[in-house]
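Structural features, examined
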Amino acid sequence: MSEWVVLLRGINVGGINIKMVDLRAALASAGFTNVRTNLATGNVLLQSPLAAAALKAQVESTLAEAFGYRAWVVVLDVPTLRAIVESYPFDAEREGWHPYVVFGNDDSHLTELSALAVELDSDLERIAEGNSVLYWEVRKGNTTDSTFGKATAKAKYKATTTTRNVRTLVKILA
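An account of the accompanying structure is given in this report.

What counts and what doesn't
Residues numbered from 1 in each chain as written. Predicted model: local features only at pLDDT ≥ 70, side-chain atom pairs only at ≥ 80, totals over all residues. Heavy atoms only, no water. Pairing = 2+ DSSP bridges. Helix = DSSP H or I, 4+ residues; strand = E, 2+ residues; numbered from the N terminus. Axes fitted to C-alpha atoms, helices over the stretch in contact; angles between N-to-C directions. Phe/Tyr/Trp six-rings, centres within 6.5 Å; stacked < 30°, edge-to-face > 60°. Buried < 20%, exposed > 50% of the residue type's maximum accessible area, 1.4 Å probe, protein only. Lys NZ or Arg CZ within 6 Å of the ring centre and 35° of its normal.

Moving on to the sheet that holds strand β4 (residues 73–77). The strands making up a sheet are joined through hydrogen bonds of the backbone, oriented either antiparallel or parallel. Within the open sheet, the 4 strands sit side by side as β2-β3-β1-β4. Their pairing is antiparallel. Because the sheet does not close on itself, it has two edges, and the strands there are β2 (33–38) and β4. Each strand axis lies, on average, 20 degrees off the axis of its neighbour in the sheet, ignoring direction. Sheet topology note: the β2/strand β3 (residues 43–48) ladder contains 4 bridges and is antiparallel.

Here it is in structure tokens:
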């Protein structure tokens, strides 16, 4: 039985509202054990004997059936998430800045987004490649109107990426 982190894309921010108690109940009824949520933005820890790909498919199917939307999730084992957090290349506690990790299921999209690094104003934001993630640091107040923030909001990437603050990821792992 492995412990997994499941990051849901786009709930409780874009019109898809799911109460965490209902999310936990749906996943538990699908056979996952020790289901816990962190914050109300779709961060789940659970246990399952399934491998990552099968787990992803089962969670997405469960969410679609229970909540009536086309779900998209990122699934990571706990050691992988811990390594991602520990590899954050910028100062996660930098005053006045947000530390983010961009997760994705389409490597070509992450590659396209990483190519924006040369266009970014380093006084406003910067990115770095990680192991199947992008690390992003952006000045507070500029997340949605920065070059990278605007790029990740494009419809093309919305179905394949999800972003989490490093501080949130630390809380998930605590």
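More follows now that the structure is in view.
The description of an aromatic ring pair uses the distance of the two centres, along with the angle that the planes make with each other. For the structure shown, the criterion picks out 4 aromatic pairs. Their ring planes at 80 degrees and their centres at 5.5 Å tell us that Tyr88 and Phe90 sit as a pair that is edge-to-face. For Tyr88, a relative accessible area of 9% gives the class buried. Three or more aromatic residues joined by ring pairs form one cluster here, namely Tyr88, Phe90 and Tyr135. Directly above the ring of Trp97 sits Arg94, whose terminal nitrogen or CZ lies 3.8 Å from the centroid.

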